[in-house]
Structures are given as structure tokens and as C-alpha cells.
Amino acid sequence: MGLLSDPVRRRALARLVLRLNAPLCVLSYVAGIAWFLALAFPPLTQRTYMSENAMGSTMVEEHFAGGDRARSLARDFAAHRRKSGALPVAWLERTMRSVGLEVYTQSFSRKLPFPDETHERYMVSGINVYGILRAPRAASTESLVLTVPCGPDSTNSQAVGLMLALAAHFRGQIYWAKDIIFLVTEHDLLGTEAWLEAYHDVNVTGMQSSPLQGRAGAIQAAVALELSSDVVTSLDVAVEGLNGQLPNLDLLNLFQTFCQKGGLLCTLQGKLQPQDWTSIDGPLQSVQTLLLMVLQQASGRPHGAHGLFLRYRVEALTLRGINSFRQYKYDLVAVGKALEGMFRKLNHLLERLHQSFFFYLLPALSRFVSIGLYMPAAGFLLLVLGLKISSPSTLHEAGVGPEEAGGTSGSSPHYPPTQGVGLASLVAPLLVSQAMGLALYVLPVLGQHVAAQHFPVAEAEAVVLTLLAIYAAGLALPHNTHRMVSTQAPDRGWMALKLVALIYLALQLACITLTNFSLGFLLAASMVPAAAVTKPSGPRPLYAALLVLTSPAASLLGSLFLWRELQEAPLSLAEGWQLFLAALAQGVLEHHTYGALLFPLLALGLYPCWLLFWNVLFWK
């Protein structure tokens, strides 16, 4: 503390930091990347443990034995769906009533902002069916949800059959203290969102739906089930929700505990757990799993129906049955017992899950990294921006003298008198850059019909092409905006603009990192180096190439290649470009449909900020 309280020592430390600014920036960036990679190694990763006392033991005996019934119901559901060409609502109502549930339906419709070519839909309408098992030992104040999403691409019939068989089994038990809702939704996430909005009596996405006729208590937890066959070799768990939200870690620990109890093989991101942490193979595999989770969380997409429950403060997971070429296979009885055990333990909860972590990273299913251990990685990267902002050349050339920078005239290096740059001279580039971001956000959807009328493209293609056109048009800004800036101090003009851009970028990345660490870290790792070195002098072509390669669009493209490489399904350049165009369309669509925030963050925040650095680079 004496070093910070003594003015002389504090000024000496400040002079040392300013004199070694460039080496410290490089060291800080390398430390941030190294810290992130080290998160997959045992010194920083910890074993998972159960924090909630009510779920601390697996001393429940599972009695589910309805495998044959589940398979029979799955075949009937698939046959009725093929016959009707849609969700067999009447059959579901009849079957749920036969097992003793209160059955209700909900109709919904949604006009998408533009056609979804991935799922081939535009005007969407459907019906959700749900049945409520009333708790015999409580007053319907709390509930649990088991949901099965049924989309146009996959009927998910085995999951529906298992859910109905579990409902029949649960109906015969007397120990339930919470209502259990068995929900079958149509059109995947659209049906789930419609049901959740109606259940909580809100409308945040413009969904048109009928009110719910039957309700249970406040939802404490939910499990979404997806099965592709009658037998599975492993259960893969998805935790990433809308805008990077994660469920309470205890819910994931509960799933892993019952998988271990029943001998089920469980995976995370499709990866098995490392068996040997003493050699380098275990940590290397955990690095791949960690990177996959970071990339999926950064996308902001809900990776399963559970991702929409998290917005309503409902802890949820998605379980996917995988049928691969592994030797050991499990039938629906083993999966049903694991679900029965999870619901019985959740039935013991006296309050919402809250004692474990909500912010974490998972290098393996049995290990986690807490927020206190992974935040320094982003802090080191943001420190680079802080060091560049406080560097003497930046402050002096921007028109900030030593006194304004926080020093005194007697202890700071001597600079010649400077003429400050007025804030009015920076208004033009700031407004033009922000206007380009606003156009990038608004025009693609509003102008899709005009573009489709004048060019031989569909509405979805028009949206993507308009996005690319506006994005590329921003490259012409440096030849126009800097001409509006006062020429009294041209050298200090670009430094003042860079100072503003550095502060703008630092504030954005800091806020993003606090809410979605994965997105903030990836953006900081890609944008910070170019932002730190950009200037109109020196090897301008090299700086221009670096800026383009670290732009938001290029970062998205690189993330797609990295994601598929980690999944051991590498892309060619043509396939990567097509996937990039599809990701652009899906990003815009998910923002308008579910409220995903990645598209507005990039369009209204980071793209205008990147344009400021582009202006600095081509300053004349």
C-alpha cells in the first residue's frame, strides 16, 4: 500500500508503465491467451460437486420399466404423424387423458420477418399439446416440465413415446410434491416460445397465441428430450441458452450423477470425458471441449428448447440421445430411469436452484471453471486497451497535456505546447460510422421486398446481400469523413479519433464480457491487436489486412471454420462461405424471432467502432 499512497513512488511507477507501454501491451495480450488455454488444465479447473443439500444424494430407487410401452407409443405417434402430415393433436390428447393427465392445447402463429430457408417456413402456425400431472401432496404452487420439441425435420417420436410412458409411470406414484407438465411443442423453438410466453402472460417476440386454459405452479426446472432411435449409445447434454445464459451448475451435476448411477455414457459437446488427466492427452481434449462451449455460447443461439426457459428464470437442460457405432448400447428403460431419478430429486427442492454457479465454463462434464478463474483472461486483453489509452503519445497527440493526463509538470516528460482538438471535429466520423451501423441493422429487413423486386433473388437472399453491401460500403468512409474534420491539427485529429475509438471499444468489450464471457473474450482476442497498432503511418497495407481479418464479419467466418474443425468435420472454402451466409440469415432471424442479441451488438456497437479504426488507418 505504501507504493500507491506515496506520490513520488506512484509517479515513478506511472513513468515506468508509460515508458514500457508497448512491451507491456504484448505481454498482457499473450498472458490473456495463455491464461485462457490454461483453464483446461487441473490447476485451474475444479471437480464438479453438488451444492444443493436437497439433491446431494442419489438414494432414490428408480422403478421405471415401461420400455416396451414407450416403443409402442412411439410407433403409434410416428404413424399418426405420417398420416396427418402434422402433429397428431387428437391422438396426443386421447393418449394423455388415458394415463390420467389434465390435457390442454394451445394454438399459435407467427409471421417471420423473412422466409427461413433452413427450415423452409415463413407463415408458421401450429398447436402445442400439454398435460398436467397434479401433485397429490401439494397445492400446485410449484411445477416441473418435461418437454419434447417436434420440428418439421425430425419427428422425435421416440422421445414422445418415452415421455408418455414416464407420464403413465409417474401417475401411479404418490410422492410428488410438485406438478409435472408434459409438453409437446410443434415447430421446435417457435412452439416452445409461444407456450412460455402464454404461461408467463408476456409477449416479447410478437407471437400470436391463444391463452392457456390450464396452468400449474411456478416452474422450478425443465428438461427437454430429443431421441433419434429406440437405443442410444450416449446422452449428450446441451447447456447453452439464449444470449449465452447457462443453467445452474447443480442441474448439470444431477444429470451426470444419475448417468453414472445407471451406467449411461454421457457426453458434452459430443466429446467423452478425458480419462487420464496426468498425461497431456486429457488436457488437450478438454481444450477442444472448452473451445466448443465458448464458440456455442458466444453465438447467443439457444442450442435446444431449454435455452428459451432460461430467459424466464427456469433452470433447464436439453438431453439428446446419440446412436453411434460404439459397442455399448442402452434402451429406453435406462434413459427413463435416469429421467425418473432426476425428477424425483428435483421434487425434493424446497426453493429454486441457487447455491451453485450460474457463470462457468466446462472443459469436461465432471470439471468446471468458475467465474473468478476465467475472468482474468479477458481482463488481460482489456488491459491492452487501457495501456494504449494511457500511453503518452496517445494522450499528447490527442491534445491532452500531462496535467490533464493525471501527472504534474515537474514529474512528467516535457512536451511542446499542443493545440487541442475540439470535440466538434470528431462528430462527423462518429455520426457517419454510427449511421452505417444503424443502416446495417434496419435496412436489410425493411428493404428485402424492394431488393427482391429489382433483383432476381429471394427475400432471404436479399437480406443477406443487403447486409454484405452495407458492410462493404463502410470501407469507403475514410475517404469522406476525415475531410469534415478541422485541418488545424491533422496529426492530433487522428489520434483524438483513435483515443475515442479505444475508449468506445474498451467499454463495449467490458460490458459484453460481464454478460457473456465467451463472446467478449473472442471479440477481444480478435479486435484488440488491430485496434492497438492501427495508425495512418507505417505499413498501411499490413495494418489494413489486419483490420479486415479481425473485423466482426471475418471473426464470425473464422469462428465457423474453427467450430467445424473442432467437431472433426472440416469445411472447404466454398462450404465455409455458404455456412457463413446461412449464419448471417439465421442471426438476423433469431434476433427478430427470439430476441437474440448478437446481431444488434455487432451492427449497432462493434461495427461502428471498427469503422472508427478504419477511418484512423486511412487518415490523410
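Small disclaimer: the values here were computed from a predicted structure and weren't measured.

Trainee: Looking at this model, I keep getting lost on the overall build of the protein chain. Mind explaining?
Mentor: Helix and strand counts for the protein chain stand at 24 helices and twelve strands. Counting over 620 residues, the protein chain shows a buried share of 53%. Counting contacts in the protein chain only where the partners sit at least 6 residues apart, residues at least 24 apart contribute 80% of the total. For the protein chain, the accessible area works out to roughly 26,200 Å², and carbon and sulfur atoms hold 62% of it.

Trainee: Where do I start with the pattern of salt bridges in this structure?
Mentor: If charged atoms from side chains of opposite charge come close, those side chains can pair. According to the stated counting rule, one finds twelve salt bridges in the structure shown. Here Asp68 ties to Arg71 by a salt bridge, and the two come within 2.3 Å at their closest N and O atoms. One end of the pair is Asp68 and the other is Arg71, both in helix α4 (residues 67-84) and three residues apart, which spans about a single turn. Given a relative accessible area of 56%, Asp68 falls into the exposed group. We note a salt bridge from Arg121 to Asp116, for which the minimum N-O separation is 3.5 Å. With respect to burial, Arg121 and Asp116 carry one shared label: buried. Each of the salt bridges in this network shares a partner with another, and the network as a whole consists of Glu102, Arg134 and Asp179.

Trainee: Which parts of the structure should I look at to understand the packing of helix α9 (residues 281-299) against helix α20 (residues 517-533)?
Mentor: Packed helix pairs are specified by the crossing angle of their axes together with the interaxial distance, meaning the distance between the axes. Contact geometry for α9 and α20: axes closest at 7 Å, N-to-C directions at 100 degrees. Accordingly, the angle class assigned to the pair α9 and α20 is roughly perpendicular. Between α9 and α20, the residues in contact are Val294, Leu295, Gln297 and Ala298 and Ser518, Leu519 and Leu522, respectively. Taken together, the residues of the contact of α9 with α20 break down into five nonpolar, two polar and no charged.

Trainee: Explanation requested: the UniProt feature "transmembrane region" (unreviewed entry) in the protein chain in the structure shown.
Mentor: Under the UniProt annotation, the feature "transmembrane region" (unreviewed entry) is placed at residues 20-41, 357-385, 421-442, 462-478, 499-522, 542-563, 570-589 and 595-618. Secondary structure across residues 357-385 divides into 52% helix and 31% strand, with the first and last C-alpha atoms of the span separated by 30 Å. Here residues 499-522 is 96% helix and 0% strand, with 22 Å between the C-alpha atoms at its ends.

Trainee: Would you mind showing me how to read the sheet that holds strand β1 (residues 46-47) here?
Mentor: Backbone-to-backbone hydrogen bonds join strands into a sheet, with any given pair of strands oriented parallel or antiparallel. Pairing is antiparallel across the open sheet formed by three strands, whose spatial order is β1-β12-β11. Two strands in the sheet have a free side with no partner beyond their single neighbour: β1 and β11 (360-364). Strand direction decides the pairing type here: β1 and strand β12 (residues 367-370), joined by two bridges, are antiparallel. Along β12, the bridge assignment pairs Gln46 with Phe368.

Trainee: Would you explain the packing of aromatic side chains in this entry?
Mentor: Two aromatic rings, taken as a pair, are described by how far apart their centres are and by the angle between their planes. All chains considered together, the criterion is met by 21 aromatic pairs. On the numbers, 4.4 Å between centres and 25 degrees between planes, the contact of Phe36 with Phe521 is stacked. Of this pair, Phe36 sits in helix α3 (residues 21-38) while Phe521 sits in helix α20, placing them 485 residues apart in sequence. Residues Phe36 and Phe521 agree in their burial class; the two are buried. Three or more aromatic residues joined by ring pairs form one cluster here, namely Phe170, Tyr175, Trp176, Phe182 and Phe343. For the cation-ring pair, Arg215 lies above Tyr199, with the distance from its terminal atom to the ring centre recorded as 5.8 Å. Cation over ring: Arg344 sits above Tyr175, and NZ or CZ is 4.2 Å from the ring centre.

Calculation criteria
- Residues numbered from 1 in each chain as written.
- Predicted model: local features only at pLDDT ≥ 70, side-chain atom pairs only at ≥ 80, totals over all residues.
- Heavy atoms only, no water.
- Helix = DSSP H or I, 4+ residues; strand = E, 2+ residues; numbered from the N terminus.
- Buried < 20%, exposed > 50% of the residue type's maximum accessible area, 1.4 Å probe, protein only.
- Contact = heavy atoms within 4.5 Å.
- Areas by Shrake-Rupley, 256 points an atom, 1.4 Å probe, with all protein chains shown as cover.
- Salt bridge = Lys/Arg side-chain N within 4 Å of Asp/Glu carboxyl O.
- Axes fitted to C-alpha atoms, helices over the stretch in contact; angles between N-to-C directions.
- Parallel < 35°, antiparallel > 145°, perpendicular 65-115°, else oblique.
- Nonpolar A, V, L, I, M, F, W, Y, C, P; charged D, E, K, R; others polar.
- UniProt positions renumbered as here; feature names shortened; annotations may be inferred.
- Pairing = 2+ DSSP bridges.
- Phe/Tyr/Trp six-rings, centres within 6.5 Å; stacked < 30°, edge-to-face > 60°.
- Lys NZ or Arg CZ within 6 Å of the ring centre and 35° of its normal.

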